[in-house]
Each structure stands twice: as structure tokens, then as C-alpha cells.
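# Inside the fold
Listed below are the residues making up each chain.
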Amino acid sequence: MFPSVRGTRRDARGLTCDLIFTRLRRTIIQRALRLTPLLLGLWWVMSDGAPDGWSFGVVAVALSLSALHVATPQDARDAQDSLRWAALPAFAWFFLGRSLLAGIDVARRTLSPAMPLSPSIMRFPTALPPGRARVFLVATLSLLPGTLGVDLDENHVTLHVLDARTDVQGDVRVAERYIAPLFAATRTAQS
């Protein structure tokens, strides 16, 4: 697996172990540098800017970054599916539009005396490749009113929906079409 070449161990791609660990360290540091300001800003908002909570906040941010690194699967860390910022405006427009329409629909249903609901647990195949794109799909669907992600397995997403009579599978396909360009992910054949 790591044949020795002049005392240097190499992997199947010919990369030295030192180079692999250097890239891994650089990735961890880059992620921490991107997320630390966001997490500190979130802490500042949650603590109402109180200066006496910063010592705890810095520890909480450090633990959050550590937990994120440990909880992220190795294949997701190695994947080349980083976010493509050019596709973000289209996704944001889709997400805001769907959130508004779905919010109005949920409000109409809950305020109606008949409460036209037909809750159900539904399972759908996903056309996105494994990794961050699928996790982002479940997170997106959970944030849209009327759906909640329940499970994500190898090739399927399981959702709790407020009304099983609606075209939920069509909504999942539309979300996939907007999420795939975010991660430069190619959609796979339907399973």
C-alpha cells in the first residue's frame, strides 16, 4: 500500500505521507479560519455582546470546531465537492421563494377549521452523489415549511411531510436541481 521509495512512503497516487498530512492540516486550518468568525459572531449575538461571556464563548467555538472535524466523515473531508459561490444566488432565490410559498401554505392549512393535513413519513431516492450535497439536501428540505428530514441512507432520503397528497417527490427533484450546481455535483441515475 505504501511502497518505500528511498525511505519515503507513498500512497497509491504517489503522494508522500508528509504531503498528505500537510494538505490535511491545511484543510483543517482553512476550515477553522472560515468558520471561526462566523461562530464568534453567532456567540456575540447569543450573548448580547456581553464581554463577560467571551471566555466561555472562545472555548465553545473551539469545541464546536473540534466536534465538526470529528463528526465530518473522512470521505466528505476528502471529497472535491466544495461550495461553488457562483451558484449561490440561484439557490438563494429558489430557497426564499419556496420558503415564502410553503410558509403561506402551512399557515393556510393550520388556520383552516378543517385542517387539511395528511401527515406521513415518505422515502424518496436521491439523485445527488453521496457526501455534502445529500446532507445539504436534507438540511434544505428540513428548513422548508411542511417537510422535515428524518433519515438519509445510502441512496434515499426519508422525510416527514404535512400533506402526503402533494407532489413531494417533485419538490425533492426541484431542490436537487438547485443544490447540484452548488457542489458541482452531477446527478446520478434514479435508483
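My aim in this report is to walk through the structure given alongside it, one point at a time. These numbers come from a predicted model, not from an experiment.

### Here's the deal with the layout of surface pockets
One number sums up the size of the second largest pocket: a volume of about 370 Å³. In terms of lining, the second largest pocket is formed by 19 residues, of which the most central are Ala 102, Pro 145, Thr 147, Thr 166 and Asp 171. Among the elements of the structure, α4 (88–111), β5 (156–161) and α6 (168–179) are those that each provide at least two residues to the lining of the second largest pocket. The residue inventory of the lining of the second largest pocket, partitioned by class, reads 10 nonpolar, 3 polar and 6 charged.

### Observations regarding the environment of Val 106
Relative to the elements of secondary structure, Val 106 occurs in helix α4. Separated by 11 residues in sequence, Val 106 and Leu 117 place their C-alpha atoms 9.4 Å apart. The residues touching Val 106, leaving out its near neighbours within four places in the chain, are Pro 145, Gly 146 and Leu 162.

### A look at the nonpolar core
Soluble globular proteins tend to bury their nonpolar side chains together. Among the nonpolar cores identified, the biggest contains 23 residues, and Phe 124, Leu 137, Leu 141, Leu 159, Val 168 and Val 172 are the most heavily contacted of them. The set of elements that each furnish at least two residues to this core consists of α4, β3 (120–125), α5 (132–143), β5 and α6. Ranked by residue count, the leading element in this core is α6, at 5 residues. Residues within four places of Val 172 in sequence aside, it is in contact with Phe 124, Leu 137, Leu 141 and Leu 159.

### Regarding the packing of α4 against α6
The interhelical angle for the contact between α4 and α6, taken along N-to-C directions, is 155°, at an axis separation of 9 Å. Taken together, the axis directions place α4 and α6 in an arrangement best described as roughly antiparallel. Residues Ala 90, Phe 91, Phe 94 and Arg 98 of α4 touch α6, and the partners they reach there are Asp 171, Val 174, Ala 175, Tyr 178 and Ile 179. Each residue belonging to the contact of α4 with α6 can be placed in one class, and the counts come to 7 nonpolar, no polar and 2 charged.

### Concerning the packing of aromatic side chains
Applying the stated criterion across every chain, the model contains 6 aromatic pairs. An angle of 25° between the planes, with centres 5.9 Å apart, marks the rings of Phe 91 and Phe 95 as stacked. Separated by 4 residues within a single helix, Phe 91 and Phe 95 lie in helix α4, roughly one turn from each other. Across the pair, Phe 95 and Phe 91 agree in class, each one buried.

### Points about α5
Here α5 spans 16 Å end to end across 12 residues, near enough to the 16 Å set by a 1.5 Å rise per residue. All of the buried residues in α5 are Ala 133, Arg 134, Leu 137, Val 138, Thr 140 and Leu 141. Angularly, the buried residues of α5 cover 165° about the axis, an arc narrow enough to put them on a single face. Of the exposed residues in α5, the ones pointing more than 90 degrees away from its buried face are Val 135 and Leu 143. Against the buried residues of α5 lie α4, β4 (147–152), β5 and α6.

The rules behind these values
- Residues numbered from 1 in each chain as written.
- Predicted model: local features only at pLDDT ≥ 70, side-chain atom pairs only at ≥ 80, totals over all residues.
- Heavy atoms only, no water.
- 1 Å grid on protein atoms, 1.4 Å probe; cavity = no way out; pocket = protein on both sides within 12 Å on 5 of 7 lines; lining within 4 Å.
- Points joined across faces, edges and corners; volume = space filled by probe spheres on them.
- Helix = DSSP H or I, 4+ residues; strand = E, 2+ residues; numbered from the N terminus.
- Nonpolar A, V, L, I, M, F, W, Y, C, P; charged D, E, K, R; others polar.
- Contact = heavy atoms within 4.5 Å.
- Core = buried A, V, L, I, M, F, W, Y, C linked by side-chain atoms within 4.5 Å.
- Buried < 20%, exposed > 50% of the residue type's maximum accessible area, 1.4 Å probe, protein only.
- Axes fitted to C-alpha atoms, helices over the stretch in contact; angles between N-to-C directions.
- Parallel < 35°, antiparallel > 145°, perpendicular 65-115°, else oblique.
- Phe/Tyr/Trp six-rings, centres within 6.5 Å; stacked < 30°, edge-to-face > 60°.
- Expected span 1.5 Å × (residues − 1).
- Arc of directions from axis to C-beta.

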